[in-house]
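Structural overview for review
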Amino acid sequence: MQQDRLSDWLVKHELVHRSLGFDCRGIETLQIKTEDWYSIAVISYVYGYNYLRSQCAYDVAPGGFLASVYHLTRIQYGVDKPEEVCIKVFVPKNNPRISSVFWIWKSADFQERESYDMLGISYDNHPRLKRILMPESWIGWPLRKDYITPNFYEIQDAH
C-alpha cells in the first residue's frame with residue numbers, strides 16, 4: 001500500500017503543497033502553506049485521516065521560522081496497516097499564527113497549548129489557548145533558539 005495517497009489526492013485536486021520526502025518508515029512529509037492549512041486539515045479528515053497521533057512544534061533556526069508538525073493517521077484497511085502522513089506548517093517568528101485544528105481533532109487541545117507555551121505559536125480559534133507548562137506570568141518562549149534565559153530563578157518551597 002502506498003503511503004503517498006494524500007499527496008496524490010492533493011495534486012489531483014490542485015491543492016498547493018510540497019513534498020519534503022519520506023522518513024525511514026516510508027511516511028511522507030508534506031509542507032502546507034499557513035493560509036491553506038485549515039482547508040487541507042478538513043480535507044484530510046474527510047479523506048479519512050481521523051486520528052491526530054501527535055502535534056508538536058520546533059524552532060527551525062534563529063531568526064527564521066517556527067514549524068508546527070502534525071502526524072495524521074488513517075486506518076482504512078485494518079489496524080495493522082495504517083496510512084500515515086506528516087504535515088508541516090512553517091510560520092515566521094515575527095507573526096506566528098496558525099489556524100487551530102482543535103475543532104477537527106480534539107486531541108490537538110493540549111498539544112497546541114504546549115506549542116504556544118514553549119514557542120509562542122498562536123493557534124487561531126483555539127478555545128483555551130493559554131500557557132500549560134509555564135506560569136502565566138512567564139515572559140518569553142523557552143524553546144526558541146533565540147530565547148535568553150533569565151538570570152534569576154524563583155525557587156519556591158525548595159527545602
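This write-up is about the structure you can find in this document. (Residues numbered from 1 in each chain as written. Predicted model: local features only at pLDDT ≥ 70, side-chain atom pairs only at ≥ 80, totals over all residues. Heavy atoms only, no water.)

**Points about the environment of Q76**
Relative to the elements of secondary structure, Q76 occurs in the loop between β4 (65-74) and β5 (83-92). Judged by its relative accessible area of 41%, Q76 falls in the partly exposed class. Separated by 26 residues in sequence, Q76 and F102 have C-alpha atoms that sit 23 Å apart. Residue contacts for Q76: discarding those within four places in its chain leaves R5 and E83. (Helix = DSSP H or I, 4+ residues; strand = E, 2+ residues; numbered from the N terminus. Buried < 20%, exposed > 50% of the residue type's maximum accessible area, 1.4 Å probe, protein only. Contact = heavy atoms within 4.5 Å.)

**Some remarks on the pattern of salt bridges**
The full count for this structure, using the stated rule, is eight salt bridges. Among the ionic pairs, E84 bridges to R25, the shortest N-O distance being 3.0 Å. Note that E84 is positioned in strand β5 and R25 in the loop between β1 (18-22) and β2 (28-32), a separation of 59 residues in sequence. Note that E83 and R74 form a salt bridge whose closest N and O atoms lie 3.5 Å from each other. As far as the burial class goes, E83 and R74 line up, both buried. Residues joined in a network through salt bridges with shared partners are R25, R53 and E84. (Salt bridge = Lys/Arg side-chain N within 4 Å of Asp/Glu carboxyl O.)

**Topic: the environment of S19**
Relative to the helices and strands, S19 resides in strand β1. Sequence separation between S19 and L72 is 53 residues, and the spatial gap between their C-alpha atoms is 15 Å. If near-sequence neighbours (up to four positions away) are discounted, S19 is found in contact with E28, T29 and L30. Here the side chain of S19 touches E28 through a polar contact of 2.7 Å, side chain to side chain. (Polar contact = N/O pair within 3.5 Å; in protein donor to acceptor, adjacent residues only side chain to side chain.)

**What about helix α1 (residues 5-12)?**
For α1, the set of buried residues is L6, S7 and L10. Taken around the axis of α1, the buried residues stretch over an arc of 100°, which confines them to a single face. Residues of α1 that are exposed and point more than 90 degrees away from the buried face comprise V11 and K12. Buried residues in α1 make contact with β2, α2 (37-47) and β5. Just past α1, the residue E14 takes up positive phi, approximately 55°. (Arc of directions from axis to C-beta.)

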